[in-house]
Amino acid sequence: MDTRQSQNTASQPKPDLRIGFILMNRFTLVSVAGLVESLRFAADESFGSRQIFCQWEWMTCDNQPVTASCGLPVTPTAALDLTQNWDYIVLAGGLLEETRSPPSWLLDAVRALHARKIPIITLCSGSFIVGNAGLLDGRRCAIHFTTRDEFRQRFPKAIPVIDKTYIKDGGIISCPGGTAIDLAADLIRQHCGELRAQKGLKYLLVEEEADRRKTRGRRKAAAEQVVYDNEVVHKVIELMKHHLDSPVPLNDVADFVRLSTRQLNQLFLNSTGYTAAVYWRRMRLEHARKLMADSSNSINAIAGACGFADASHLIAWFRKQYGETPSSFRKRRREVERLIKPE
């Protein structure tokens, strides 16, 4: 870890969102810029550009500078380290000759990330890397229309899609290019809240506020439909959303869609990377975390509102999911609020 990263870790509270960018040589600048600029606006108050709510690092395969496809040189800010607890790893591709035949060690590293359930974001031709790693078999993948023929030839078991800004499927988030601002907004919304997502969109002048209010629901619904393309999975998730405070037995959920528990879990694994029970618990934990951030309710009250037996039950799963207790999460949020208050 470099000196700057060590100092940031020591002096700042843990961020809500950490992303590691792996920049391939000749990567496409615009999609990377759209993603990181959205993070920058969401990471701090006003235009401070401090990495408080969001943090990111630039890494390369050999820890040496790379050059974007437009000719801009970029120096990494950290040594390549995929063992950290990243929330996401971005494979930023560009010109195909740099991603057609990635080194075997990188493919092994990508498979290891996927096995650890760390979501992998592919920008532009970064999808060719995860395809070579065998992670797109049977998965939908958003690709640029200019690469469709070669993509189909190289990865016949994958399902290429050319009319989506991004697709989530099985732990892989594929973005074919463009600005990646829609993707960034949804990531920020999920991890940092709606206000931070709106801030990035506002400062980047993506839409006027009135238009954004009209389209936000449609965009969010479309994104969820992309993630949960299977109709049964989508139906079950809607059921889960309405029972966050009182989860019913999984057998009853399976009966609701006329499947066995085993069949239901297999559908969820194929669509989300998690069994139905694990996915439901993650939903309830995320709901609990939002309540902790947005209210002063006791942990015991939040546990009841999110379907956990008691505070101890919630604390145990919260620590396992997020690597901290609810109390430490709230303390960190208070530290963040103090940090961003104007002097």
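Scope of this entry: the structure provided in the associated data block. (Residues numbered from 1 in each chain as written. Predicted model: local features only at pLDDT ≥ 70, side-chain atom pairs only at ≥ 80, totals over all residues. Heavy atoms only, no water.)

**Quick word on the overall build of the protein**
Across its full length, the protein holds 15 helices and 10 strands. Residue burial in the protein is summarised as follows: out of 343 residues, 49% are buried. Long-range pairs, those at least 24 residues apart, make up 63% of the contacts in the protein with a sequence separation of at least 6. Surface summary for the protein: the accessible area is close to 16500 Å², and the carbon and sulfur share equals 52%. (Helix = DSSP H or I, 4+ residues; strand = E, 2+ residues; numbered from the N terminus. Buried < 20%, exposed > 50% of the residue type's maximum accessible area, 1.4 Å probe, protein only. Contact = heavy atoms within 4.5 Å. Areas by Shrake-Rupley, 256 points an atom, 1.4 Å probe, with all protein chains shown as cover.)

**So, the pairing of strand β1 (residues 17-23)**
With seven of its seven residues buried, β1 lies for the most part within the structure. Regarding topology, helix α2 (residues 29-42) serves as the crossover connection from β1 to the parallel strand β2 (residues 54-59), and that connection is right-handed. Across five bridges, the pairing between β1 and strand β5 (residues 88-92) is parallel. Along β5, the bridge assignment pairs Ile22 with Leu91. (Right-handed = clockwise from strand over helix to strand, strands pointing away. Pairing = 2+ DSSP bridges.)

**Some details on the side chain of Glu57**
Take Glu57: it is sitting in strand β2. Glu57 gets classed as buried once you look at its relative accessible area, which sits at 5%. Only 2.4 Å separates the side chain of Glu57 from the side chain of Thr77, close enough to count as a polar contact. (Polar contact = N/O pair within 3.5 Å; in protein donor to acceptor, adjacent residues only side chain to side chain.)

**Overview of the sheet that holds β1**
Taken in spatial order, the six strands line up as β2-β1-β5-β6-β10-β9 in an open sheet, and their pairing is mixed. At either end of the open sheet lies a strand with only one pairing partner, and these are β2 and β9 (167-169). Shown here is a sheet whose adjacent strand axes are inclined to one another by a mean of 20°, direction ignored. Where β5 and strand β6 (residues 120-123) come together, four bridges link them in parallel fashion. Bridged to Ala92 within β6 is Leu123. Here helix α3 (residues 104-115) sits on the sheet and contacts β5, β6 and β10 (172-175); the angle it forms with β6, its principal contact strand, is near 135°. (Axes fitted to C-alpha atoms, helices over the stretch in contact; angles between N-to-C directions.)

**Topic: unusual backbone geometry**
Its identity as a non-glycine residue notwithstanding, Arg26 has a phi of 65°, on the positive side. One can find Arg26 in the loop between β1 and α2. The class of Arg26 is partly exposed, set by a relative accessible area of 29%.

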